[in-house]
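# Architecture and fold: a report
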Amino acid sequence: QVQLVESGGGLVQAGGSLRLSCAASGSIFSINDMGWYRQAPGKQRELVAAITSGGISNYADSVKGRFTISRDNAKNTVYLQMNSLKPEDTAVYYCNADIRRLFRTTTSPYWGQGTQVTVSS
């Protein structure tokens with residue numbers, strides 16, 4: 001009954017920009033932390049950026065200064081603005097949200113379907 005739907009991926013040249021969006025819907029009471037992960041072929045999934053319900057952000061060292069995470073709590077949506085993209089940013093990007101569902105007292109993690117980001121040189 002809870003879904004996270006991602007959009008905004010695609011192909012871009014090195015130095016370009018993309019903006020990813022992820023909207024949560026369903027039987028949601030509240031959303032705590034939200035974030036973006038990525039997984040490149042042959043590599044483990046890694047945290048790219050995260051943001052608390054109060055708007056406090058943190059980033060992987062590899063994307064600091066280039067990526068910006070934000071959220072719109074009224075829309076249950078998290079964004080990732082990616083600037084100065086590099087070929088090593090190529091990966092499938094997954095959004096994540098810690099969600100408290102209706103009539104429950106604890107949160108559980110939910111994942112988007114993934115969106116491909118490809119950066120060409």
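Everything below is about the structure printed above this text.
All residue numbers refer to position in the chain's written sequence, counted from 1. The predicted nature of this model means local features are confined to residues of pLDDT at least 70 and side-chain atom pairs, given and counted, to a pLDDT of 80 or more, with totals for whole chains, interfaces and linings taken over all residues. Only heavy atoms go into the side-chain values, all of them from the structure, while hydrogens and water stay out.

A separate point is the pattern of salt bridges. The salt bridge criterion pairs a side-chain nitrogen of Lys or Arg with a carboxyl oxygen of Asp or Glu, the two atoms within 4 Å. Across all of its chains, the model carries 4 salt bridges by this definition. Between Arg 38 and Glu 46 there is a salt bridge whose closest N-O contact spans 2.9 Å. For the exposure calls, accessible area comes from a 1.4 Å probe over protein chains only, and a residue counts as buried if that area is under 20% of its type's maximum, exposed if over 50%, partly exposed in between. Overall, the relative accessible area of 6% leaves Arg 38 in the buried class. Among the salt bridges present, the one from Asp 61 reaches Lys 64, with a minimum N-O distance of 3.1 Å. Summarising the burial analysis for this pair, Asp 61 and Lys 64 share the class exposed. Look at the salt bridges and you will find they share partners, linking Arg 38, Glu 46, Arg 66 and Asp 89 into a network.

Here we come to the state of the cysteines. Cysteine sulfur atoms are paired as a disulfide whenever they come within 2.5 Å of each other. In this structure the tally under the stated criterion is 1 disulfide. Each sulfur in the disulfide pair Cys 22 and Cys 95 lies 1.9 Å from the other. Every disulfide takes its handedness from the sign of the S-S torsion; for Cys 22 and Cys 95 that torsion is 45 degrees, giving right-handed. Remark: Cys 95 occurs in strand 9 (residues 91-101) and Cys 22 occurs in strand 3 (residues 18-26); sequence separation between them is 73 residues. For helices the rule is a DSSP run of H or I covering at least 4 residues; for strands it is a run of E covering at least 2, with both sets numbered from the N terminus onward.

Glancing now at the nonpolar core. Core analysis: the largest hydrophobic core is formed by 31 residues, its most contacted members being Leu 4, Trp 36, Leu 80, Met 82, Tyr 93 and Ile 99. No other element matches the 5 residues that strand 9 contributes to this core. Nonpolar cores are built from buried Ala, Val, Leu, Ile, Met, Phe, Trp, Tyr and Cys residues. Side-chain atoms within 4.5 Å join them into one set.

Pairing between two strands is assigned when DSSP locates at least 2 bridges connecting them. Taken together, the 4 strands give an open sheet; going across it, the order is 1-3-8-7, and neighbouring strands pair in antiparallel fashion. Since the sheet does not close on itself, it has two edges, and those belong to strand 1 (2-7) and strand 7 (67-72), each with one partner. Neighbouring strand axes in the sheet, compared pairwise and without regard to direction, differ in orientation by 15 degrees on average. Relative to strand 3, strand 1 is paired through 6 bridges, and the arrangement is antiparallel. Along strand 3, the bridge assignment pairs Gln 3 with Ser 25. Fitted lines through C-alpha atoms serve as axes, helices being fitted only where they are in contact, and the angles separating the N-to-C directions of these axes extend from 0 to 180 degrees.

What follows deals with a nonpolar patch on the surface. Residues enter a patch when their relative accessible area is above 30% and they make no salt bridge; the linking distance is 9 Å between like charges and 5 Å between nonpolar side chains (Val, Leu, Ile, Met, Phe, Trp, Tyr). Method for areas: the Shrake-Rupley scheme with a 1.4 Å probe, in which residue coverage is limited to the protein chains shown. On the surface, Phe 29, Leu 102 and Phe 103 cluster together into a nonpolar patch covering about 390 Å² of accessible area. Judged by relative accessible area, Phe 103 falls into the exposed class, the value being 85%.

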